[in-house]
Amino acid sequence: TKQSDITKDYVLTMAGGIYDLTKDKLEYNEIFSPIKAKCEKNWALFLHKDELKVVYKWHPLTIYDSINTGKLGKKQEINMPYFFKKVRGSTNGVAYKDELWFICHVVECGKPRHYYHCFVVLDKDTLKLKTYSYLFKFDLSEKVEFCLGLVVEDDRVIVSYSNWDKTSKLKVYDKKLILKELFV
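As the structure is a prediction and not an experimental result, all values here were calculated from the model.

### Regarding the confidence of the model for the chain
Chain-level pLDDT for the chain is 88 on average; 91% of the residues reach the 70-or-more range. Counting interchain partners and residues more than four positions distant, the pLDDT-below-50 stretch residues 1–10 has nine contacts.

### Some details on the side chain of Ser162
Looking at the element boundaries, Ser162 is found in strand β13 (residues 156–163). For Ser162, a relative accessible area of 12% translates into the label buried. A distance of 3.5 Å separates the side chain of Ser162 from the backbone nitrogen of Lys166, its partner in a polar contact. Apart from the residues lying within four places of it in its own chain, the contact partners of Ser162 are Val144, Glu145, Phe146 and Thr167.

### Structural notes on the environment of Val184
Secondary-structure assignment places Val184 in the segment after α1 (175–181). Overall, Val184 belongs to the exposed group, its relative accessible area being 57%. C-alpha of Val184 to C-alpha of Ser133: the two residues are 51 residues apart in sequence and 5.4 Å apart in space. When near neighbours in sequence (up to four residues on either side) are disregarded, Val184 contacts Thr131, Tyr132, Ser133 and Tyr134.

### Quick word on the layout of surface pockets
In this structure, the largest pocket occupies an estimated 390 Å³ of space. Residue lining of the largest pocket: 18 residues in total, with Lys41, Asn42, Lys57, Val87 and Arg88 positioned closest to the centre. Counting residues per element, the ones that place at least two in the lining of the largest pocket are β4 (51–58) and β7 (88–89). Residue composition of the lining of the largest pocket, grouped by class: nine nonpolar, three polar and six charged. Roughly 200 Å³ of volume is contained in the second largest pocket. Lining the second largest pocket are Lys41, Asn42, Trp43, Arg88, Gly89, Ser90, His105, Arg113, Tyr115, Phe146, Cys147 and Leu148. Listed by contribution, the elements that provide at least two residues to the lining of the second largest pocket are β7 and β12 (145–152). Per element, the largest residue contribution to the lining of the second largest pocket is three residues, and it comes from β12. Broken down by class, the residue content of the lining of the second largest pocket amounts to five nonpolar, four polar and three charged.

### Describing the environment of Ser90
Along the chain, Ser90 turns up in the loop between β7 and β8 (94–96). For the pair Ser90 and Lys41, spaced 49 residues apart in sequence, the C-alpha to C-alpha distance is 9.4 Å. Residues within four places of Ser90 in sequence aside, it is in contact with Ile103, Cys104, His105, Cys147 and Leu148.

The rules we used
- Residues numbered from 1 in each chain as written.
- Predicted model: local features only at pLDDT ≥ 70, side-chain atom pairs only at ≥ 80, totals over all residues.
- Heavy atoms only, no water.
- pLDDT = per-residue confidence, 0-100.
- Contact = heavy atoms within 4.5 Å.
- Helix = DSSP H or I, 4+ residues; strand = E, 2+ residues; numbered from the N terminus.
- Buried < 20%, exposed > 50% of the residue type's maximum accessible area, 1.4 Å probe, protein only.
- Polar contact = N/O pair within 3.5 Å; in protein donor to acceptor, adjacent residues only side chain to side chain.
- 1 Å grid on protein atoms, 1.4 Å probe; cavity = no way out; pocket = protein on both sides within 12 Å on 5 of 7 lines; lining within 4 Å.
- Points joined across faces, edges and corners; volume = space filled by probe spheres on them.
- Nonpolar A, V, L, I, M, F, W, Y, C, P; charged D, E, K, R; others polar.

So this is what it looks like as C-alpha cells:
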C-alpha cells in the first residue's frame, strides 16, 4: 500500500497471509487499526479453539478474533490487574497443556529506554489470567532487549531474544526454577 492510498482515517497496521510455494504467490489480507491509531505494534497472535486470535492490548486484556479474514472480528475484553496497564506484547502465545504462555515487556522511558520482561500465563479455554511473573532481564548489563521466541516444555522454557536489535541469543531455563522464583 502506498502512503497516498492511506486515508487519514485508516492506517495500515498489519498484513497476514499464506505463501503458496506451488504458485510462488503470497495471498494476504491487510488489517487496519481498530482505533485508527497512526502507530500499532506489539500484537500477540495465538490459536484458540483452532481460530487465529490476537491480543491487542493487555489492560483490559483485549482480544480480537477472525484475524485471518483481513478484518478484526469480535472483540473480547477481560479484566486484568493494574500492573498490565504498561505491559506490551512480545511473543506470540504458546499452548502448553491447558495454558497459553506469553512473554511480554514493560518499557522504562529514558535515553536509552530500558526493557523488562515478564511471563504471562492465560487459561487456554477461558483466556483469563492464571499467573504472571515478576519483571526480569535476560542480560542484566543490557538496556534494550526484544523477545520474539518462546517454547514451553514439561521441564524447560526456551527463549530467543535480541539486544539492541543486533544480536540473536537463546536461553534455556529450568521450568521448575522459573516457576518457583519468578512467578507471583
